[in-house]
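Structural overview for review
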Amino acid sequence: MGRNPVTWLGSPTFPHAARIALADTQLRGNLAHATSTIRTKRAAAVAELPDWERLRLAGEAVKDDVLSHLDVYLEQLEASVTARGGVVHWARDADEANEIVLGLVRDAGAREVVKVKSMATAEIGLNEALEAGGVTAIETDLAELIVQLGDDRPSHILVPAIHRNRSEIRDIFRRTMPGASAVTDRPAELAEAARTHLRRKFLSAKVAISGANFAVADTGSVVVVESEGNGRMCLTLPETLITVMGIEKLVPTWQDLEVFLQLLPRSSTAERMNPYTSVWSGVTPGDGPRAFHLVLLDNGRTATLADRVGRQALRCIRCSACLNVCPVYERTGGQAYGSVYPGPIGAILTPQLGAGSGDPATDALLHSLPFASSLCGACFEACPVRIDIPEVLVHLRNKAVDAKGPYAPEAVAMAAASWVMSGTRRFRVAQRLASLARLVARRGRIKRLPWPGSRWTDSRDVPAPPAESFSAWWRRTRG
């Protein structure tokens, strides 16, 4: 299968976008409150299981087995789905997947579809492709609906509207939702307004589109877990169900699925089990959709699989635990990452899925996202399938630096710094010259430097150098 980029949201490189986010005090307050609440609840849920680390090891082992034998399990899945009345489609990239889905919707005679929350369909820009084809997609997950009605962008894998508070949501509903002009910011009223709005869509939709949390290869069963019940409505009421699934979402057997149904809810929503776990295998006459289509999406996954270090990103089960513990994400939010997948997992998954696209804006993100981390390691400790995100970040940083070549500005600057620091006299002269930067400092910080220093100060302040270096102080006081 081919390599194609994921759909980008058009943000600038991470440092610039992060600076904009850091200036938004409302955003930072919303994120700090939400992530700290989720972290506390998750810690309590995980502490209930004495074998949590063994479950993590089991999840890692199952995922690695799937990635090592992906071709075998995919063929087994296709045979199982087909035997139960479903139809399997293979998509090399986003364009091919969108074309398949749009064709299926048109064949069903639908002009409007209801959607279960799905990262895969966001990755390929399905909503935009459907709109261009004359089909309206209605998000039914509450947070996704808020983002859609607000003409906004998601900022979290699990809670896409985590950057919005109740007052902001109330204003969005009043402005865009029929019959909600008098709704208050009480959660019960907001939920009721959304429920009333969506019920009409559920009852009239001919086609539903979902993603998949897992697919069981030996039975052809597809699994979606959720917390609101909107997914259950989409998966049972419409006549046609279309599922778009990344090819890495497989588990071999139901026994393997049992491991992930323990790992996922505790890591994501801090629950012992998901309120709604929907499983279907092909088509059941007289019950549920009359037609089921499974679109298996590559879109850069095969290329990622070839990287022995980077491939562990494909273990990801989209729980968002790494986002909730990341100090960088907590202060910038997901939109600053400029891609569908934010946070630590986005910093390693996005560059690999989009590698080789040739698009300058994409390349800028690919070369900046692996550096959007302090390498503190909290993400690895939280990951339920033990993705060593810091290891992959360093690996991708090395690739980004190597790709620039020996004559890139950064490489030349590092070579010059190496030459200066390798000679005692040169280093002392450089220290004295650097101390002159104190003349443009304000309150101990330098906020603006001329080019090329402006490449740094556009996104960060620089501490003013001391009046006297440590080595100069040592020579003066100790002889």
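We now turn to the structure provided with this report. Chains are numbered independently. Their residues run from 1 in the order of the written sequence. With pLDDT at 70 or above as the cut-off, local features in this predicted model cover only qualifying residues; side-chain atom pairs require 80 or more to be listed or tallied, and sums for whole chains, interfaces and linings still use all residues. Side-chain descriptors were evaluated using all non-hydrogen atoms of the structure, hydrogens and water having been removed beforehand.

This part is about the pattern of salt bridges. Note on pairing: side chains with opposite charge can pair once their charged atoms come close. By convention in these notes, a salt bridge is any Lys or Arg side-chain nitrogen within 4 Å of a carboxyl oxygen on Asp or Glu. Under the counting rule described, the total for this entry stands at 22 salt bridges. The salt bridge involving Lys 201 is made with Glu 112; its shortest N-O contact spans 3.6 Å. Of the two residues, Lys 201 is situated in helix H10 (residues 187-204) and Glu 112 in strand S2 (residues 112-115); the sequence distance between them amounts to 89 residues. A residue is classified by how much of its surface remains accessible, and Glu 112, at 27% relative accessible area, is partly exposed. A network of salt bridges, in which partner residues are shared, links Glu 60, Asp 64, Arg 315 and Arg 386. Helix and strand definitions here come from DSSP, where helices need a minimum of 4 consecutive H or I residues and strands a minimum of 2 consecutive E residues; each element is numbered from the N-terminal end. Partly exposed residues are those whose accessible area sits between 20% and 50% of the maximum for their type, while under 20% is buried and over 50% is exposed, using a 1.4 Å probe and protein chains only.

Below, the discussion takes up the sheet that holds strand S5 (residues 214-216). The strand order S8-S5-S6-S9 describes an open sheet built from four strands, whose pairing is mixed. Of all the strands in the sheet, the pair left with one neighbour each is strand S8 (250-251) and strand S9 (276-281). Being paired, for any two strands, means DSSP has found at least two bridges between them. Here S5 pairs with strand S6 (residues 221-226) via three bridges, running antiparallel. Looking at S6, one finds that Phe 214 is bridged to Val 223.

What follows covers the sheet that holds strand S1 (residues 87-91). Taken in spatial order, the six strands of this open sheet run S1-S10-S7-S4-S2-S3, and their pairing is parallel. At either end of the open sheet lies a strand with only one pairing partner, and these are S1 and strand S3 (136-139). On average, each strand axis in the sheet is inclined to that of its neighbour by 25°, with strand direction left out of account. Here a residue-residue contact requires only that any non-hydrogen atoms of the pair lie within 4.5 Å. The angle between two axes is taken between their N-to-C directions and runs from 0 to 180 degrees, where each axis is a line fitted to C-alpha atoms and a helix contributes only its stretch in contact. Most of the contacts of helix H5 (residues 94-107) go to S1, to which it runs at about 145°, and overall it touches S1, S2, strand S4 (207-210), strand S7 (240-246) and strand S10 (291-297).

So, on to the side chain of Ser 80. Relative to the elements of secondary structure, Ser 80 occurs in helix H4 (residues 70-83). Judged by relative accessible area, Ser 80 falls into the buried class, the value being 8%. Polar contact is defined as a pair of N or O atoms within 3.5 Å, subject to the rule that within protein one atom must be able to donate a hydrogen and the other to accept it, and that residues adjacent in sequence are counted only when both atoms are side-chain atoms. Here Ala 217 takes part through its backbone oxygen, which lies 3.0 Å from a polar atom of the side chain of Ser 80. In this view, Ser 80 contacts Ala 217, Asp 218, Thr 219 and Gly 220; residues no more than four positions away in its chain are not counted.

Another aspect to go through is the nonpolar core. What is meant by a nonpolar core is a set of buried Ala, Val, Leu, Ile, Met, Phe, Trp, Tyr and Cys residues, joined one to another through side-chain atoms within 4.5 Å. By size, the foremost hydrophobic cluster in this structure holds 101 residues, and its most contacted members are Phe 173, Leu 250 and Ile 348. In this structure, Ala 94, Ile 124, Leu 130 and Val 207 belong to the second largest nonpolar core, which totals 22 residues.

Attention now moves to the environment of Leu 67. Looking at the secondary structure, you find Leu 67 in helix H3 (residues 52-68). Taking the C-alpha atoms as reference points, Leu 67 and Ser 469, separated by 402 residues in sequence, lie 53 Å from one another.

Residues Ile 169, Arg 170, Ile 172 and Phe 173 constitute the buried set of helix H9 (residues 166-176). Each buried residue of H9 lies within a common arc of 165° when the element is viewed along its axis, so the set occupies one face. In the core, the buried residues of H9 are packed alongside helix H8 (142-149) and H10. Note: the arc covers the axis-to-C-beta directions of the helix.

Before going further, it helps to spend a moment on the packing of H3 against helix H12 (residues 254-268). Running from N to C, H3 and H12 cross one another at 120°; their axes reach a closest spacing of 10 Å. Judged on the interaxial angle alone, H12 and H3 are oblique. For H3 against H12, the interelement crossing comes out left-handed. Side by side, H3 and H12 meet where Trp 52, Leu 55, Arg 56, Ala 58, Gly 59, Val 62 and Lys 63 of the first sit next to Asp 256, Val 259, Phe 260, Gln 262, Leu 263, Arg 266 and Ser 267 of the second. The residue inventory of the contact of H3 with H12, partitioned by class, reads seven nonpolar, three polar and four charged. To sort the angles, those under 35 degrees are grouped as roughly parallel, those over 145 as roughly antiparallel, those from 65 to 115 as roughly perpendicular, and the leftovers as oblique. The crossing is said to be left-handed when, going from far helix to near helix, the turn is anticlockwise and less than a right angle, and right-handed when the turn is clockwise. Note that Gly is not counted as nonpolar here; it falls among the polar residues with everything else outside the nonpolar set of Ala, Val, Leu, Ile, Met, Phe, Trp, Tyr, Cys and Pro and the charged set of Asp, Glu, Lys and Arg.

The N-to-C vectors of helix H20 (residues 409-421) and helix H21 (residues 424-434) enclose an angle of 115°; their axes lie 6 Å apart at closest approach. By the angle between their directions, the pair H20 and H21 is classed as roughly perpendicular. Residues Trp 419, Val 420 and Met 421 of H20 form the contact with H21, whose own contacting residues are Arg 426, Phe 427 and Ala 430. Taken together, the residues that form the contact of H20 with H21 break down as five nonpolar, no polar and one charged.

In this section: the packing of aromatic side chains. In this description, an aromatic ring pair is defined by two values, namely the gap between the centres and the angle between the planes. Pairs were defined over the aromatic rings of Phe, Tyr and Trp, the Trp ring being its six-membered one, requiring ring centres within 6.5 Å. Orientation was assigned from the angle between planes: stacked under 30 degrees, edge-to-face over 60, tilted for the rest. What the rule picks out here adds up to six aromatic pairs. An aromatic cluster of three or more residues is present, and its members are Phe 470, Trp 473 and Trp 474. Whether a charge lies above a ring is judged from NZ of Lys or CZ of Arg, which has to be within 6 Å of the ring centre and within 35 degrees of the ring normal. Over the aromatic face of Phe 380 sits the side chain of Arg 56, whose NZ or CZ is 5.7 Å from the ring centroid.

Time to look at a nonpolar patch on the surface. A grouping of Val 429, Leu 433, Leu 436, Leu 439 and Val 440 is seen on the molecular surface, where their side chains present a nonpolar patch of about 500 Å² in accessible area. Looking at the secondary structure, you find Leu 433 in helix H21. In this analysis, a patch consists of residues with relative accessible area above 30% that form no salt bridge, clustered at 9 Å for like charges and at 5 Å for the nonpolar side chains Val, Leu, Ile, Met, Phe, Trp and Tyr. Values of accessible area rely on a 1.4 Å probe in the Shrake-Rupley scheme; residue burial ignores everything except the protein chains shown.

It is worth spelling out the pairing of S6 at this point. Along S6, six of the six residues are buried, which leaves the element largely enclosed by surrounding structure. Residue alternation in S6 divides its side chains into two sets, Ser 221, Val 223 and Val 225 and Val 222, Val 224 and Glu 226, and both sets are buried. If you look at the hairpin formed by S5 and S6, you'll find four residues sitting between the two strands, and Gly 220 has a positive phi there, around 75°. Inspection of the sheet shows S6 paired to S9 by six bridges, in the antiparallel sense. Across the sheet, residue Val 222 finds its bridge partner in S9, namely Trp 280.

Another aspect to go through is unusual backbone geometry. Even without being glycine, Arg 318 reaches a positive phi, approximately 60°. At Arg 443, a position not held by glycine, the phi torsion is positive, near 55°. Inspection of the secondary structure assignment puts Arg 443 in the loop between H21 and strand S11 (445-446). The class of Arg 443 is exposed, set by a relative accessible area of 88%.

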